[in-house]
Every structure is written in C-alpha cells, then in structure tokens.
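Residue-level listing of the chains:
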Amino acid sequence: MKKEVVLILDFGGQYNQLIARRVRECNVYSEIVPFDISVEKIKEKQPKGIIFTGGPASVFGEGAPRCDSAIFDLGIPILGICYGMQLMTYSLNGVVAKADKREYGVTKVYIDEQSPIFKGFTSENDFLMSHTDFVSELPEGFKNIGHTLSCPNAAIENREKKLYGIQFHPEVNHSVNGTLVIKNFLYEVCKCAGDWKMSSFVEDSIKNLKQKIGDGKALCALSGGVDSSVAAVLLSKAIGKNLTCIFLDHGLLRKNEGDEVEEVFKKQYDINFIRVNCKERFLNRLANVTDPEQKRKIIGEEFIRVFEEESKKIGKVDFLVQGTIYPDVIESGLGKSSVIKSHHNVGGLPDYVDFKEIIEPLRDLFKDEVRKTGLELGIPENLVYRQPFPGPGLAIRVIGEITDDKLEILKDADYIFREEIQKAGLYKNINQYFAVLTNLKSVGVMGDERTYDYTVALRAVETTDFMTGVWSKIPYEVLEKVSSRIVNEVQHVNRVVYDITSKPPATIEWE
Ligand code: XMP
C-alpha cells in the first residue's frame, strides 16, 4: 500500500519544519519540498494535500518565489499559510496589497463563515499574525471566512476547488488550538486516513529492512548518541546477528558512558557488539594539540582509521548503516531552511569500507520521532532523551592541550554538574549542560594551604535549534551546591565559574 503523504512547499518561512512536524503529529506523513517542484513530480508523489508555507518575500517583489500555477488545477487540496495564501491569491488573479503597518503578535481572528478548516472553533480565536502584505481582493470563486480588526481577509476558501488560505500561523504554539486548523485541513478537506504512527513505522521498517537485506550483512558505527542507537536497534530487530555494531571508545566520552552503552547493547539487545577501546591511540595523536579545529580534524581522521581497521577484521559487508535523520536531508526551497555544520560531522564513513549500499533507516524522521521510535523499540529513556554530545567529545571541552589527567578532572566535575541538575529536576528545561575545563590556573586557599589549581566553567543553555540559545537561569542554590561539591570532591579544581553568555555572540561549546 502506498504511504499517504502531504507535501509542504517551502517558501523560506522560519516555521517550515514546524508545519511538517504538526502534520505528522496529526498522523499524516509529510515531506518538505522546494517551492518550484514541477507539477509532474507532484503528480508522481500523489499527495493527499499540499501546504504552502509562509516566507519573507512579497509576492510582487522581484525574484519572489512562485510555484507552477498548474498546481491549482490538479484537484489536490491546498492550504496556503501567510505568504502561501498571498501567493495563491496572486497566482489566481486576486489582489495582494501592502498595509501601512505590520500586524504582528497574537491577534483576535474572527471567523465569519462556517468552513471545514474551522470545525470545532468558536467565532473568536487567538492566532499568531506576522505580516505586512495582505489579501485585499479575493480571486474568483473564493469567499472570505475570517478577519481581524486590521486584516479584512484573514482566512479565505474556495470550497469547491478545495483551496484554502490563512494569514495566521496555525503551526506555532502561540496560536491557541492552531494544530486543529491543520488537522481539519488534513481530515475534513484532504480526507486523510492518518496512517502515520510510530508503531507502524517501526513495524513497516523492520519488514522492509528484512526484505531488502535478506541474508546480507550490515555494519553500523555506534556512537552511543540517539540516532545511531535507534538505527542500530531497528536493524538488529530486522536482521539479528547479521548486523555488527562497532563502538569506538576514544576515551573522550563522559564518565561511565562507554560502559552504559555497552550494557544496553550487549545485555538488552544481544547485538553483535564490538567495543574498541582506543583511548591511548587518540590521546597520542592529540598530544600537544591546542587548536580546536585541529583537534576535530585529528579525531575525525583517527575515527575513520580505527573503524576501517576494525571493519576489515569482519570482512566484506553488504550494507553500511547510518543514523541520518530528516533535518539533515531536507532539500530546501530557498536553501535557507537547511543548516549544514560541516565541522560537526565526524567523518563521512562511506568511502573506505567495502560495501554495496548505505542504509539510512531514520532518513524520514524528525528528532522527536526518532526518540519516539527509540521508546517503541524499548531503548531506555536515559539514552533516548540524551542531550546532544559533540562527536569530538570532551576533547573540545578540555581547553588547550588534552591530557589523561585533565580528562579525568573534567569527567568528574561534569558528572557532578549533571547529577545536581537531574536532582533539581532542571534537565527538562535545559537543552544542553556540561562542564568545561579551562586552562586557567589561579590561586586559592584550602584549609591553611595555598592552592594553585584549575578553574572549571559550567555551561547550560536553553535552545530549540542549537543555532541560537540563551544561558539558563539556574537557581543560585543549585549553582552553589555544584560549585561546593566540585571543589570538595574533584582534586585540582579550586574555582568554579558560570558562563552567562548567550549564543550569539558566544557558541555553546567553548572550542
Ligand atoms: P556550537 O558550539 O557551535 O554548538 O554553538 C552547536 C551544537 O553543535 C554541537 N557541536 C558539535 N557536534 N561535532 C559535533 O558532532 C562538533 O565538532 C561539534 N561542535 C559543536 C554542540 O555540542 C551544540 O549542540
């Protein structure tokens, strides 16, 4: 059976991924595609519906992103959001005008006519508006179904052709019950069946992977992070012992982390699991290196080398498993929504292992869906909800030269910080938190003794995209407890400071 899909045409709006996620939360699979996708391509995909996203442009502006107008004749329901609504109007010969001033913020939207997309709403609603241009004259066949005090056409429809436009943003949390507008579009207009569920995703994936791989052999580089762990477990459910996972413990992981990963994969899942303890090797290569980018490069290269050696021992494999997820592969309409941090990826593995094909079982999933899949597969919550951890690990949290001693100091300090955040129940609000071992030594006093020891910095940020973020306002009492425990329990630390810079201008990591 073909999977039901709704296409989201990307006009460069900042909430595009959110729209796609909301659709999926309504149990309908969605795909973000470039705004200039051809009508042939759309037909091939046979979507149940199409959503036009918002975007920063003006429809009459030079170079404004436009779609092929034939799209309106396909008979496929379309929902235009913000810029998407204006483009629909403009393309169908209605009029879009510029308002004197921008309408921004949560605004009362009054529903003027009953409409399938407003099923379950009362006449007055709080939705987020964010626009200057507005629809001043409707295209033929359309009628107004909602307004605000300053925007006469906040919602429009051509029910016969199943074309709908809304000026507000239903996808953001500020819009009260906004998801219901999307749900109504999916179920009342597009008549979706709603077959996208994580449990069926797991079942279908296992079935498909079994079919595809047959008796072939697959290899997975396990980092212990969420994505590669979920990919590995999914594969193991499909092909059992024909999957081998290689886990490189380069000594730059957090305290006890290597053992925790091993415990889960060996005991809970009975996976062919090879742990390679190669700390010495990494530390030798990193000796005397202080430049952050150089550290990243060395770790990336060494990672590939060790993986290559280990995979040779296994012999030929047919498939290489990678934990790529959807935000990594979205082909954006304006090249804006996809963010690539090349230095953040530790080594592209493909070119040196002898294999036929790459398998990326999580390619279609957003991060929260990967986590749900992990839970479906029975992976422990502490692994599934793990905060992001950089590939180069603690190497970029020991500032300057890395030594075994420094790593031990950092691991202990970091462990205490994380433990206290957990105990205080703050971990749900803080998206990334860790300790940094600065290379600053300063004078202190302990008992009657003068000390000359390291300064540990604590970092905690609140962010959704990790591209920007604010420092977390951790209560003083918690900071005090952490500071006192670190100086008392970790040798060679006599000072603890808290990083109160946001990103930008600082980055999350110190290196
Ligand atoms: P920055 O420090 O750039 O970090 O604000 C943003 C996010 O990326 C992570 N990060 C990395 N992840 N390899 C990775 O896999 C890296 O080299 C790397 N550097 C930063 C960082 O932990 C944060 O989540």
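Residues numbered from 1 in each chain as written. Predicted model: local features only at pLDDT ≥ 70, side-chain atom pairs only at ≥ 80, totals over all residues. Heavy atoms only, no water.

K.L.:
Kindly report on the pattern of salt bridges, identifying the contributing residues and their values.
P.N.:
Evaluated as defined, the whole model comprises 45 salt bridges. For the salt bridge of Asp368 with Arg21, the shortest nitrogen-to-oxygen distance reads 3.5 Å. With Asp368 in helix 11 (residues 367–376) and Arg21 in helix 1 (residues 16–25), the pair connects residues that are 347 residues apart, well separated along the chain. For Asp368, a relative accessible area of 26% corresponds to the partly exposed category. Look at the salt bridges and you will find they share partners, linking Arg281, Arg285, Lys297, Glu301, Glu302, Arg305 and Glu309 into a network. (Salt bridge = Lys/Arg side-chain N within 4 Å of Asp/Glu carboxyl O. Helix = DSSP H or I, 4+ residues; strand = E, 2+ residues; numbered from the N terminus. Buried < 20%, exposed > 50% of the residue type's maximum accessible area, 1.4 Å probe, protein only.)

K.L.:
Run through the side chain of Thr438, naming residues and quoting values.
P.N.:
Tracing the backbone through its elements, the reader meets Thr438 in strand 15 (residues 432–446). A distance of 3.2 Å separates a polar side-chain atom of Thr438 from the backbone nitrogen of Leu440. Among the polar contacts made by the side chain of Thr438, one reaches the main-chain carbonyl oxygen of Thr455 at a distance of 2.8 Å. In this structure, Thr438 is in contact with Ile399, Tyr454, Thr455, Ala457 and Trp510, ignoring residues within four places of it in sequence. (Polar contact = N/O pair within 3.5 Å; in protein donor to acceptor, adjacent residues only side chain to side chain. Contact = heavy atoms within 4.5 Å.)

K.L.:
I'd like a description of helix 7 (residues 257–268), backed by residues and values.
P.N.:
Under the 1.5 Å per step criterion, the end-to-end length of helix 7 is 16 Å for 12 residues, consistent within 8% with the ideal 16 Å. By the burial criterion, the buried members of helix 7 are Glu257, Gly258, Val261, Val264 and Phe265. Axial view of helix 7: buried residues confined to an arc of 140°, hence all on one face. (Expected span 1.5 Å × (residues − 1). Arc of directions from axis to C-beta.)

K.L.:
Tell me what's going on with the packing of aromatic side chains, and back it up with residues and numbers.
P.N.:
Evaluated as defined, the whole model comprises 16 aromatic pairs. Considering the side-chain rings of Tyr29 and Trp196, the 4.8 Å spacing of their centres and the 50° angle between planes classify their relative orientation as tilted. Pair noted here: Tyr29 is in strand 2 (residues 29–34) and Trp196 is in the loop between helix 4 (178–189) and helix 5 (198–213), with a separation of 167 residues, a long-range link. A relative accessible area of 1% means that Tyr29 is categorised as buried. (Phe/Tyr/Trp six-rings, centres within 6.5 Å; stacked < 30°, edge-to-face > 60°.)

K.L.:
Before we move on, can you summarise the sheet that holds strand 1 (residues 5–10) with the specific residues and values?
P.N.:
On the basis of which strands lie adjacent, the open sheet formed by nine strands has the order 2-1-3-4-9-8-7-5-6 and mixed pairing. Edge strands, defined here as strands with exactly one partner in the open sheet, are strand 2 and strand 6 (124–137). Averaged over all neighbouring strand pairs, the angle between strand axes comes to 20°, with direction disregarded. As paired elements, strand 3 (residues 49–52) and strand 4 (residues 78–81) share three bridges and run parallel to each other. Looking at the pairing, Phe52 lines up with Gly80 of strand 4. Helix 1 contacts strand 1, strand 2, strand 3 and strand 4 of the sheet and is inclined by roughly 155° relative to strand 2. Against the sheet, helix 3 (residues 83–91) contacts strand 3, strand 4, strand 5 (95–111), strand 6, strand 8 (155–158) and strand 9 (163–166), and its axis sits at roughly 115° relative to strand 4. (Pairing = 2+ DSSP bridges. Axes fitted to C-alpha atoms, helices over the stretch in contact; angles between N-to-C directions.)

K.L.:
Outline the domain arrangement of the protein, listing residues and values.
P.N.:
When cut into domains, the protein gives domain 1 (5–189), domain 2 (198–384) and domain 3 (397–498). A straight line from the C-alpha centre of domain 1 to that of domain 2 covers 38 Å. Taken together, the contact between domain 1 and domain 2 spans 16 residues of the former and 14 residues of the latter. The tally of links from domain 1 across to domain 2 stands at two salt bridges. The tally of links between domain 1 and domain 2 comes to five residue pairs in polar contact (both at pLDDT 80 or more). Residue assignment for the side of domain 1 that touches domain 2 shows that the elements contributing at least two residues are helix 1 and strand 2. (Domains from an automatic or database assignment.)

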